[in-house]
Amino acid sequence: METILVLTHADETGSALTRASLEAVTAGKELAARLSATLTIGIVATDATTAASTLAATGARLLAVSGEAFAQARYATDAAAVEALCRAAQATIVLAPGSSRLTRVAAGVAHRLGGFIDAHITALGGTESVEATRWFYRQRVEAVLSRDTRPWFLLLDAGTHAAFAGEPGVASVEQVAAELPAQRTTVIGFRAPAQDAQTIRPDAKMLFVAGAGWTKKQPDGQIHAAEAGALILGFLHATGASLGSSKSLVDQGGDGNSVLPFLTHLNQIGQTGATPRHAKGLSTCCHGEEPHVVGWRFIGDRRAISLDPNCGWTRGKADVVYIADAFQVMAKVNALLDAKKG
Amino acid sequence: MANVFDIVVCAGLVPDPLQTLEPVTGPNGPGLKNEMVLPAVLDPWAASALYEAANLAAKNPGSKLWLVSLGPKAKLQQVMMTVAQKVSFQLVPVDGPIGGFPDAHATAAALAEAITAIPDLDRAKLLLFGGWESATRGAGVTLQLVGERLGMTDQFQGVDQIDLRDDGSFEVLERVEGGKHQVSVCAGTPALLGWATGNLAEPRNNPQVGMANMRTIMPALQRAKAAKLEANGLRYVSAALPKQQRTTRVEKDMAPDEIAAELVAWIGAE
C-alpha cells in the first residue's frame, strides 16, 4: 500500500502556505483517496502554526520543520528540512509543488533517500498504478510514465490542480528536527522591477506577447521603438496583462540596441523561455513558429496580429489571426480601452 | 585577491528547435523518429552556462573550463564543430544515448562519474555549471542530482547573474516566481549554478578558437567512454504529439477599427 507525503512550504511571510503548496495538497488528497493510501503533509516554515491551521480540514497527519533557518530558501537548509520530513513520513510517493524553492532541492533529497524523481507533472492518473503525465521537448511531446521504484518524488506544475481551501481549525502538528549543515549561503533579498514597472504577472488572465516585428523598419522606412514601447505599456496598463516576448526581441536589447528597455530575459516565452498559464493570449509582431509557440502550450484562447498571412499562427496554432499592422491596431485598441474606462 | 576556478559545464545535445519532432516507440521505449539524423545543437540554457563560464574563466586568469557532454560520439562531433568556435574549453565526452526519454538519475550518474574522473580537477575550486532545464527532458533535476553525487550543498537554479567579490564569495541572482530574482551570497566554491539565460550574447564564431579546441576535442572523442543508462524502474505508458490543432479563423480584410473593436470585446469577455 502506498503512503503519500505532500510537501508544502510557506510564502515570504514565513507562515502562510503558497498557492502552489495548496494545489499540491489537493493533488495529494485526490491521489490518497483513489489509492486508499495514508496521507501525510509536511510543512517547511518559520512558524508552521498558521499553515497547519489551514490544513486542519484535510484530516491528514501533519509534520513540520520550522525555525528561523527556514525563513530563507536555500539549498542546504531546505534539503535538510525536506529530507527530515521524508524520513519521518516514510512515504512511498512524495508530491511537491514545482516551486522554485522545492524544485531546487527535491532531486537532491530524492537521491539522498535512494529514491527517484520526475518533475513538471501536469496530471496524475492510472488505475492499478500511479501514472504521471508530463511534457518533453519543451511542451512538444506529451508522455505518460510510471515507476516501480520507491520513494517516487513528483513535482507538480502550478495551475494543474485547484488550491485546497478547507475551514481553518486547530491542528496537531508533529515537529520534526532537521540536521542542519554549515550554512555558506545567505539570502539577502529579492530584486524586482518597481511595482508599476513589473510586466510579468503570473496571475493575469491574459498574456500579451511582443515579437521582433515591433522594432523592425515600418512602412516609412524608420524604426519606431519608442512608439512601440508606449503602445505595449499602454495596453499592459489598461488590461493588467502579463508581458511575454520572443527571444529575438529580448536579445536585441542585450546587444546594446535601443529597443524596448522594459524587456528582459525573464519575459521570454518559448523554447528558451517560460511556458506560462493564462486564459487568453494575444501575440503581436511574432511569426508564430514552433520555438515561440511551444511557450503557448498552456494558453487557452489565442489570437494573433501579424502582417504575414502565412505565419505560423495561421497553421492551427491560434484561434483567430488578424492580418494587419499591429501599430495601427494596438493604437485603436488602447484608445477604445481608455474610452471604456472613461 | 585573484579568484581561480575550475569550471565544469554540463551540457546536452538537443534537436534544432526548428525541426519537426515525432515520437516513436521502440524496444527500449520512446524516442524520436529519425533522431540520429535530426540536426542537433547544444542545449540553449546549457549554452548560456558555457558562455558565462568562459567569460568568468577569461576574467580570472588561471581558471580552467571543461565541457562535459553525453551523447552519441558522432552527434557530439557534429555539434562541437560549431560550439568549439565560440569559446575555449576542454571536452569531456561521454558516449551515450541522445534524447529526452532516458532517466535523469542514470544520466546524472554518468555525468558525475565523468566529472570525478577529470584529472587535475580541484574540487575545492569547483564551479559546476549547466542549464537549469534542458530542451529535451526539461525536468530540471539532472544537475541537482550530479551536484548531490559530488556532495555539493550550495546549489542555485535559474541563475541569471553571478558577481564575484574579492574575498572569493559571490552574489547570485536566481529566478523565482513572479518575475523576480532571489539574491544570495555564497561564501565561495564549490558551488553549483543551473543557468537560465544569463546576460551574455552568443559569442561570434572564431575559427582560430575552433582550430585550437578541435586539436583536443577529436582525441577526447576517440577516448570517450560508453555509458549505459539504467531505466531505474521508469516505464513509459505513452508518448505522443499533442492533438490540439486549432481551427484558425484568418481575417485578412478587416480594418484596424474593426479588429480593435473585436479585440476589446474579446478581452472584456469572461
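Criteria and thresholds
- Residues numbered from 1 in each chain as written.
- Chains lettered and ligands numbered in written order.
- Predicted model: local features only at pLDDT ≥ 70, side-chain atom pairs only at ≥ 80, totals over all residues.
- Helix = DSSP H or I, 4+ residues; strand = E, 2+ residues; numbered from the N terminus.
- Buried ≥ 20, exposed ≤ 12 C-beta atoms within 10 Å, placed from the backbone.
- Contact = placed C-beta atoms within 7 Å.
- Axes fitted to C-alpha atoms, helices over the stretch in contact; angles between N-to-C directions.
- Parallel < 35°, antiparallel > 145°, perpendicular 65-115°, else oblique.
- Left-handed = near helix turned anticlockwise from the far one by under 90°.
- Nonpolar A, V, L, I, M, F, W, Y, C, P; charged D, E, K, R; others polar.
- Bend = angle between axes of the 7 residues up to and from the residue.
- Core = buried A, V, L, I, M, F, W, Y, C linked by C-beta atoms within 7 Å.
- Domains from an automatic or database assignment.
- Pairing = 2+ DSSP bridges.

Residues and numbers for the overall build of chain B, please.
Helix and strand counts for chain B stand at six helices and 15 strands. With the C-alpha coordinates aligned to their principal axes, the bounding extent of chain B is approximately 65 × 50 × 40 Å. Scored against the burial criterion, the 270 residues of chain B give a buried share of 48%. Looking at chain B alone, contacts between residues at least 24 apart form 78% of all its contacts between residues at least 6 apart.

How would you explain the packing of helix α3 (residues 104–116) of chain B against helix α4 (residues 142–149) of chain B if you had to name every residue and give the values?
Residues and elements named next belong to chain B. Relative to each other, α3 and α4 sit at 50°, their axes nearing to 8 Å. When the axes of α3 and α4 are compared, the pair comes out oblique. Here α3 and α4 pass one another in a crossing that is right-handed. Along its contact with α3, which presents Ala-104, His-105, Thr-107, Ala-108, Ala-109, Leu-111 and Ala-112, the element α4 presents Thr-142, Leu-145, Val-146 and Arg-149. Of the residues assigned to the contact of α3 with α4, the class counts are seven nonpolar, three polar and one charged.

A description of the packing of helix α4 (residues 100–112) of chain A against α4 of chain B should follow, citing residues and the corresponding values.
Contact geometry for α4 of chain A and α4 of chain B: axes closest at 8 Å, N-to-C directions at 50°. In this view, α4 of chain A runs oblique relative to α4 of chain B, as classed from their interaxial angle. Considering only the axes of α4 of chain A and α4 of chain B, their crossing is right-handed. Contacts from Ala-107, Gly-108, His-111 and Arg-112 of chain A in α4 of chain A reach Gln-144, Leu-145, Gly-147, Glu-148 and Arg-149 of chain B in α4 of chain B.

Lay out α4 of chain A with the relevant residues and their values.
Residue and element names in this part refer to chain A. The largest bend along α4 reaches roughly 35° and is located at Ala-106. Where burial is concerned, most of α4 is hidden: 11 out of the 13 residues are buried. Residues Arg-101, Leu-102, Thr-103, Arg-104, Val-105, Ala-106, Ala-107, Gly-108, Val-109, Ala-110 and His-111 constitute the buried set of α4. One or two steps after α4, the chain reaches Gly-114, where phi turns positive at roughly 70°.

Tell me about the nonpolar core, and please be specific about residues and values.
Grouped together as the largest cluster of nonpolar side chains are 142 residues, with contacts concentrated most on Leu-85 and Ala-106 of chain A together with Val-9 and Leu-50 of chain B. When residues in this core are grouped by element, the largest group, 11 residues, is from helix α3 (residues 75–89) of chain A. What Leu-85 of chain A contacts, discounting residues up to four positions off in sequence, is Leu-5, Leu-7, Gly-42, Leu-63, Val-65 and Val-176 of chain A. Counting residues in each nonpolar core, the second largest holds 46 residues, with Ala-210, Ile-232, Leu-236 and Leu-282 of chain A among its members.

So what's going on with the domain arrangement of chain A? Residues and values would help.
Residue and element names in this part refer to chain A. Entries for chain A in the domain assignment read domain 1 (3–175) and domain 2 (195–341). The gap between the C-alpha centroids of domain 1 and domain 2 is 35 Å. Across the boundary between the two partners, domain 1 contributes four residues, which contact five residues of domain 2.

Help me get a handle on the sheet that holds strand β13 (residues 278–284) of chain A, residues and values and all.
Strand pairing within a sheet occurs via backbone hydrogen bonds; the two strands may be parallel or antiparallel. Reading across the sheet, the six strands line up as β12(A)-β11(A)-β13(A)-β14(A)-β15(A)-β15(B) and stay open at both edges, with parallel pairing between neighbours. Two strands in the sheet have a free side with no partner beyond their single neighbour: β12 (242–245) of chain A together with β15 (249–251) of chain B. Shown here is a sheet whose adjacent strand axes are inclined to one another by a mean of 20°, direction ignored. Inspection of the sheet shows strand β11 (residues 206–210) of chain A paired to β12 of chain A by four bridges, in the parallel sense. Bridge pairing links Phe-208 of chain A to Leu-243 of chain A in β12 of chain A.

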